Amino acid sequence: MNREAVTKEKICTAPKSKTGMPIMHCPGCHYGIIIRVICEVIDEMGIEGDVVGLTSVSCSGPWAYSFYFDSALCPHGRSPAMGTAIKRIHPDAIVFTVQGDGDLGAIGLGCFMNALLRAEKLTTILLNNGTYGMTGGQMSPTTLLGMRTTTTSEGRDYRVTGFPLHAAELVASMKGVAYSARCTVHTPANFQKAKRAVRTAFQKQIDGVGYSFVEFLSACPPIWGVSPVEALKFISEKMMAEYPLGEFKNVDSIL
Amino acid sequence: MVKGEISINEALCKGCGLCVYHCSRGCITLSAEKLSPSGMPLASFINAEKCTACCVCAWLCPDFAIEVYKYTDVS
Ligand code: SF4
Ligand code: SF4
């Protein structure tokens, strides 16, 4: 077959709401795929003019450079507070925060819980890779029991450092929450499910129902000490055993 | 029947191998001989006859390095 003679159509490329900035993450890190999920949903919903993305102090901080829409990098753990201010001044804006497990579950937990209690009309995307990747792999609130990190060299022991934080289940138990789900991007089917979850979360905010939340289990191959392909197995065998996938709350009215 | 092809942006690819793993048709390989400007092994498109233009490799490439083309007129 003469390949030069065929007419072809480009059917998949980078989403329009992603800038041309190269992704700054390690080889095999799932954060780039999650950027694609968010940007594709924003393109498909046609909301790039209304959306505001708030990134946090974590490896996801530089995402503000990748977003081709309004965005800001927030002080550590404070993106729900900044989001609250933006949303109250511009009630028609669609505001979402992107937070790592350390940013949301440790330093920013109080700020996040209070935003949930106030039933702010925000969307939060949690990136759960079970470790502080940015600072070299310390234990984070979502580190699995028995998992080795630089601060739990014998593996995490609940008698010393407690149990992992189940954010999606915790969020689902809060009255002000409209939607809570946990997903992954480690297979094509889960990638599509994750897009549906993010779309539903944005829709709950647009409809003014309440807080919406999507947690991603995300691979961090260098800190986990595995190859990018082995990290997929770690997600399906270890992470998903502790953190089941699915929707934990999906309501049309919080009252 | 040939359905499409992909192009890999060699300046963006970091050689993670996820596209190689996810392509069920075996269309992509990591070659040790070909390195990116930053010294990473590069993914390259082989087995072009088998590509179905399913886009899975492009969705799951963390570095936006893959573009997928579908053949519209194969005469
Ligand atoms: S998934 Fe992307 S970055 Fe990884 S090897 Fe394939 S083209 Fe390169
Ligand atoms: S489009 Fe599908 S068949 Fe073609 S190389 Fe990518 S994953 Fe393989």
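Placed above this text is the structure.
Residues numbered from 1 in each chain as written. Chains lettered and ligands numbered in written order. Predicted model: local features only at pLDDT ≥ 70, side-chain atom pairs only at ≥ 80, totals over all residues. Heavy atoms only, no water.

Asks: Would you take a moment to explain the pattern of salt bridges for this structure?
Replies: Side chains that carry opposite charge are capable of pairing whenever their charged atoms lie near each other. Tallied over the full model, the rule gives 14 salt bridges over all chains. The closest approach of N and O atoms between Glu10(B) and Lys34(B), which form a salt bridge, is 3.1 Å. On the criterion of sequence distance, the pair formed by Glu10(B) in the loop between β1 (4–8) and α1 (18–22) and Lys34(B) in strand β2 (residues 28–35) is long-range, its members being 24 residues apart. Classification of Lys34(B) as partly exposed rests on a relative accessible area of 34%. Where salt bridges share partners, they join Arg36(A), Glu40(A), Glu44(A), Lys195(A) and Arg199(A) into one cluster. (Salt bridge = Lys/Arg side-chain N within 4 Å of Asp/Glu carboxyl O. Helix = DSSP H or I, 4+ residues; strand = E, 2+ residues; numbered from the N terminus. Buried < 20%, exposed > 50% of the residue type's maximum accessible area, 1.4 Å probe, protein only.)

Asks: So what exactly am I meant to see when it comes to helix α8 (residues 188–206) of chain A here?
Replies: Given 3.6 residues to a turn, an α-helix orients residues that are three or four positions apart in the same direction. With 19 residues, α8(A) extends 27 Å from end C-alpha to end C-alpha; this agrees with the ideal 27 Å at 1.5 Å per step. Where α8(A) terminates, the next one or two residues include Gly208(A), which has phi positive at roughly 70°. (Expected span 1.5 Å × (residues − 1).)

Asks: Help me understand the interface of chain A and chain B in this model?
Replies: How big an interface is tends to be reported as the loss of accessible area on association of its parts. Contacts between the two partners involve 34 residues from chain A, matched on the other side by 32 residues from chain B. Overall, the association of chain A and chain B removes approximately 2,900 Å² of surface from exposure, summing both partners, and the carbon and sulfur fraction of that is 65%. Taken together, the connections running from chain A to chain B amount to two salt bridges. Among the salt bridges present, the one from Glu5(B) reaches Lys8(A), with a minimum N-O distance of 2.6 Å. For the pair chain A and chain B, the interface holds ten residue pairs in polar contact (both at pLDDT 80 or more). Elements with a minimum of two residues in the side of chain A that touches chain B: β1 (7–12), α1 (31–45), α8 and α10 (228–242) of chain A. It is β1(A) that contributes the most residues to the side of chain A that touches chain B, six residues altogether. The residue inventory of the side of chain A that touches chain B, partitioned by class, reads 19 nonpolar, nine polar and six charged. One ladder, built from five bridges, connects β1(A) with strand β4 (residues 66–73) of chain B; its direction is antiparallel. Each residue of the ladder has a partner; that of Glu9(A), found in β4(B), is Lys70(B). (Contact = heavy atoms within 4.5 Å. Buried area = accessible area lost by both parts, 1.4 Å probe. Polar contact = N/O pair within 3.5 Å; in protein donor to acceptor, adjacent residues only side chain to side chain. Nonpolar A, V, L, I, M, F, W, Y, C, P; charged D, E, K, R; others polar. Pairing = 2+ DSSP bridges.)

By themselves, these figures tell us nothing about what the structure is for.
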